[in-house]
Amino acid sequence: MNDLTLNRRTFLAASALAGGGFALGYRVALAAEESASSLEFNPFIRIAPNDTITLILHKPENGQGAVTSLCMLLAEELECDWERLTWEFAPVARVYGAPMQGTFGSSGIRSSWKPLREAGAKARLMLQSAAAERWNVDVAQTRTQNGRVLRNGSNDSFSYGELATAAAQLPVPETVTLKTPQQYRLIGKTTPRRDTLAKLTGQARYGIDMRVPDMAFAVLERCPVFGGTVQSFDAARTRAFPGVLDVVQVSRGVAVLASNTWAALEGRKLLDITWDFGPLATLSSARIREMQQALLKTPGAVARSDGDVDAAFAQAAKRVSATYEVPYLAHTTLEPPNATARIDASGAELWSGSQIPGLCQQGAMQVTGLPEERVKVHTLFIGGGFGSRGGGNVYSEAAEIAQVAGRAVNLLYSREDDVQQDRYRPCSLVQLDAALDAQGWPVALRGHVSCQHFQPLRNGIDREAVAGLADNDYAIAAQHFEYSPLELEVPTNFWRSVGASQNVYFMEAFLDEIAAAGNKDPLELRLRLLERAPRLRHALQVAAERAGWNTPLAPGRQRGLACVSCFGSHNAQVVELSVENGRVRVHKVTCAIDCGQVVNPHTVTQQMQGGIVYGLSAALYSEITLENGRVQQSNFHDYDALRMDAMPEIDVIIIPSDDPTPGGVGETATPAIAPAVVNAVAAAIGQRVRRLPVAKNLPAQA
Amino acid sequence: MATITFTLNGQPQSVEAEPRMPLLWVLRDLLNLTGTKYGCGMAQCGACTVHLDGEAIRSCLTEISAVAGRKITTVEGLGTLEHLHPVQQAWREIDVPQCGYCQSGQQMSAAALLARNAHPSDADIDTAMRGNLCRCGTYQMIRAAIHRAAELQALAVDAMALSPEGRV
């Protein structure tokens, strides 16, 4: 998280605007060696004399509602006129968190919570002080309401715009008292999204919609085997296709530039490329699985070790063992990856919908050799992120093509490019063992994870590779988890909820196996084991009660549940489904969420529904497989997602919380849905699905 | 190259294009109407849905030559900011979009459904909308918005019937 107030090198500063008005924001304290351009003042708020107030939004909008929620945080403390508050995406700048400026880890609100409210409160106090000076009264004799400063005991008032230029000259208050939750006017109330109308009328501009003068539409043919390179190519037929403007070789393949996207795509089909496929040309999913199985036979790095696991297993009344696995997953955001780049003598300029525009800048710097201050990045709406739009190759690819071809390009991944050239959620193979006492309660848990890492190892561990498993909240005294990294050049990446997206499935499905072996109800077992995790325990109780856990079901229907604490929030889900003719039909999902202080209930509901649909799509259908080093899937016909006719009813319960700080919601609902589904499937057919996706691994007799 | 003439959002439109070029790319790249989105290029996701003579079609697989002389409506022509289409009004009331990328296509499919079926059932909605993917998972809100749009459309029809000039 890039919580600005945690960075000692930043401080809040005010500045007058050219033409009058007031800006307030953070300035970076400079180390001597840093470039002068870092002195640029990048504000969070601009207040113009005409009363227009602008929030400079340092988080991108990939559907999570950052635009609206962050406007709410500022407006709450600034007490401005909500209707006159506008916003614009921030440029990339260190003060906004660059190079890690962006939205990831469900941290958008959490990392903005304090700095944005403080900025709003301090700006308001400065406006009050400016008014108090004009009236020659103490600031305590003033108050604010809806974009105006009012003088107590009179009808006198000034608008913020009228005070802005004077306020810019005042010192920024050192400290300020923020509102208590009881004083909130906006925070916690359902507030219409500010990006909705643009998205309903075709006016919202995404990366794919970017047009710059003399721009070419470009696609890039990459080696179908990861890590392969171009040996030689013949582009004569491509160049002859009407509309094709140029063909250039770049480090990752051969790019076709054209006057329209279709010509670029059609021209690309005519390329004749000889590839050097490299060392992964024989890789297959079966081979990867063998490698994982071998790793599980050797000791891994210890991720957690509590109590005497060996003794507990030796004395166990009963033991349960299972092997679980999940496949590689692509992200398939509906807007495929794309970036627009223009390079000229003055530097490089990029336009993109990126979750981390700071990394987009870094990618372009690497390719072009240009310094930070000469690579400008503009942020546009993102047509879905889900972890895929952090770094990625598309930005450096676009910059390199623009540089080599000598013209601006909008580089687009076709859907086939996206599915076959993504950076994937790694596949994982896990061995789990539990020891039960004579009463059927678990006393020891042992797990061993084998998968590629999401991020570089630290002391042999990638915490994400074991997140949701090794850090479980269950009071089982003896627990031991090991991690064996699978070193492989298949590109991997974060995927909505990251490690929890797979490990919570393993943990929660296996816990139901433990419950069955000990003859316990799955809810009863969890409630007993969560005595020291009261918020998660409560969420589970709320979901179970709302779903009628112990009430009779309609014929043919079964329930399953799962729960997890992640991203600072606590989530429990109960699924109701039926299995008919070998197909799973999910009818209803009851989802209880405790995310602390809610900012916008509507976006919490959206994120719960969205997180569940994203996780359910993967749990039911999704699998990326490799053969001869190539991804075998290519588009939605063989890498499908949940559709309207399979959509369950989702009942979201937002639990009132005493926690005055917000928890994350963007990824929180994704992990629990897969285990809740397989737990209900087990209730329905008496067999556990230990490998996802469900549709391909349901026992034949089901 | 050929000159193809058709009606686009109520206005005559003429375009020079390869006859095989899909309507999607004519709209986006030649006419700069970017509200219609690319998602798959093989009629699997519905992001490119527009109306051809009032019917929902996938513009990614519709060659421009097939459009000659016919009427195309895109999301830009569905309603105006001052007079939103009932589908847009309902989508706004329910506050449906997340990333928003699929919503042009979703609304065009829904508008075509409501034009031929004033009060669609949930099963009708399943059938008409299953071709439109939403990776953000807004389906439940889309379903609610279609039912709401049906109400708004009925109110508008009633208002028109009551108006002496037959217009609102």
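Nothing here was measured: the structure is a model prediction, and the numbers come from that model.

### Concerning the overall build of chain B
A count of helical and extended segments in chain B gives five helices and five strands. Element order for chain B, N to C, with α for helix and β for strand: β-β-α-β-β-β-α-α-α-α. Against the 2.2 N^0.38 benchmark of 15 Å for 168 residues, chain B shows a C-alpha radius of gyration of 16 Å, consistent with a compact globule. Considering only C-alpha atoms, chain B reaches an extent of 50 × 40 × 25 Å along its principal axes. Within chain B, the fraction of its 168 residues that count as buried is 55%. Nonlocal contacts in chain B, meaning residues at least 24 apart in sequence, comprise 55% of its contacts between residues at least 6 apart. Carbon and sulfur atoms make up 52% of the accessible area of chain B, which amounts to about 6700 Å² in all.

### Details of the overall build of chain A
Within chain A one finds 18 helices and 28 strands. C-alpha extents for chain A along the principal axes are approximately 80 × 70 × 50 Å. Relative to its full complement of 702 residues, chain A shows a buried share of 63%. Taking the contacts inside chain A whose residues are at least 6 apart along the sequence as the reference set, 75% of them involve residues at least 24 apart. For chain A, the exposed area adds up to about 25600 Å²; of that, 47% sits on carbon and sulfur atoms.

### Examining the packing of helix H2 (residues 108-135) of chain A against helix H3 (residues 160-167) of chain A
Residue and element names in this part refer to chain A. The contact between H2 and H3 brings their axes to 9 Å, and the two run at 90°. The angle between H2 and H3 places the two elements in the roughly perpendicular class. Contact residues: H2 offers Arg 124, Met 126, Leu 127, Ala 130, Ala 131 and Arg 134, while H3 offers Tyr 160, Glu 162, Leu 163, Ala 164, Ala 166 and Ala 167. Tallied by class, the residues present in the contact of H2 with H3 amount to nine nonpolar, no polar and three charged.

### Examining the pairing of strand S20 (residues 428-436) of chain A
Residues and elements named next belong to chain A. Burial runs high along S20: eight of the nine residues are buried. The pairing of strand S15 (residues 318-326) with S20 spans nine bridges and is antiparallel. Bridging from a neighbouring strand, Val 326 pairs with Ser 428 of S20. Adjacent in sequence and paired antiparallel, S20 and strand S21 (residues 442-451) are bridged by five residues, among which Gly 440 carries a positive phi angle near 90°.

### As for the nonpolar core
Judged by nonpolar contacts, the single largest core of 236 residues is most densely connected at A:Phe22, A:Ile45, A:Val677 and B:Ile64. Contact partners of A:Val677, with chain neighbours within four places excluded, come to A:Val575, A:Leu577, A:Val586, A:Leu616, A:Leu620 and A:Val694. Core analysis: the second largest hydrophobic core is formed by 29 residues, A:Ala216, A:Leu257, A:Val375 and A:Val409 among them.

### Quick look at the environment of A:Phe313
Residue and element names in this part refer to chain A. Positionally, Phe 313 belongs in helix H8 (residues 309-314). Once the C-alpha coordinates of Phe 313 and Ala 435 are considered, the two residues, 122 residues apart in sequence, prove to be 5.4 Å apart. Excluding residues within four positions of it along the chain, Phe 313 makes contact with Arg 319, Asp 433, Ala 434, Ala 435, Ala 444 and Arg 446.

### Concerning the state of the cysteines
Residue and element names in this part refer to chain B. All chains considered together, the criterion is met by zero disulfides over all chains. Residue Cys 102 stays outside any disulfide, its sulfur separated by 3.8 Å from that of Cys 134, the closest cysteine. Residue classification places Cys 102 among the buried residues on the basis of a relative accessible area of 5%.

### Describing the interface of chain A and chain B
The parts lose accessible area when they come together, and the size of an interface is often stated as this lost area. Between chain A and chain B, the residue contacts involve 62 residues of the former and 52 residues of the latter. Across the chain A to chain B interface the summed buried area is about 4900 Å²; carbon plus sulfur atoms make up 58%. Here chain A and chain B share four salt bridges between them. When the shortest N-O distance is used, the salt bridge between A:Asp645 and B:Arg130 registers 2.6 Å. Seen at the junction of chain A and chain B, the total is 32 residue pairs in polar contact (both at pLDDT 80 or more). Of all elements in the fold, only helix H4 (196-200), helix H6 (261-269), helix H11 (415-420), helix H16 (601-620) and strand S28 (649-654) of chain A reach the threshold of two or more residues within the side of chain A that touches chain B.

### So, the domain arrangement of chain A
All names here are of chain A. According to the domain assignment, chain A contains domain 1 (10-179 + 194-200), domain 2 (207-278 + 337-412) and domain 3 (286-327 + 425-697). Just the C-alpha atoms count here: the centres of domain 1 and domain 3 sit 41 Å apart. Facing the 12 residues of domain 1 at the interface are 15 residues of domain 3. Taken together, the two surfaces of domain 1 and domain 3 that pack against each other cover about 980 Å², and 63% of this comes from carbon and sulfur. If you sort the residues of domain 1 by the area they bury against domain 3, Ser 106, Arg 110 and Trp 113 come out on top, with a joint share of 50%. The interface formed by domain 1 and domain 3 contains zero salt bridges. At the surface where domain 1 touches domain 3, the tally comes to two residue pairs in polar contact (both at pLDDT 80 or more).

Parameters at a glance
Residues numbered from 1 in each chain as written. Chains lettered and ligands numbered in written order. Predicted model: local features only at pLDDT ≥ 70, side-chain atom pairs only at ≥ 80, totals over all residues. Heavy atoms only, no water. Helix = DSSP H or I, 4+ residues; strand = E, 2+ residues; numbered from the N terminus. Rg over C-alpha atoms; globule rule 2.2 N^0.38 Å. Buried < 20%, exposed > 50% of the residue type's maximum accessible area, 1.4 Å probe, protein only. Contact = heavy atoms within 4.5 Å. Areas by Shrake-Rupley, 256 points an atom, 1.4 Å probe, with all protein chains shown as cover. Axes fitted to C-alpha atoms, helices over the stretch in contact; angles between N-to-C directions. Parallel < 35°, antiparallel > 145°, perpendicular 65-115°, else oblique. Nonpolar A, V, L, I, M, F, W, Y, C, P; charged D, E, K, R; others polar. Pairing = 2+ DSSP bridges. Core = buried A, V, L, I, M, F, W, Y, C linked by side-chain atoms within 4.5 Å. Disulfide = S-S within 2.5 Å. Buried area = accessible area lost by both parts, 1.4 Å probe. Salt bridge = Lys/Arg side-chain N within 4 Å of Asp/Glu carboxyl O. Polar contact = N/O pair within 3.5 Å; in protein donor to acceptor, adjacent residues only side chain to side chain. Domains from an automatic or database assignment.

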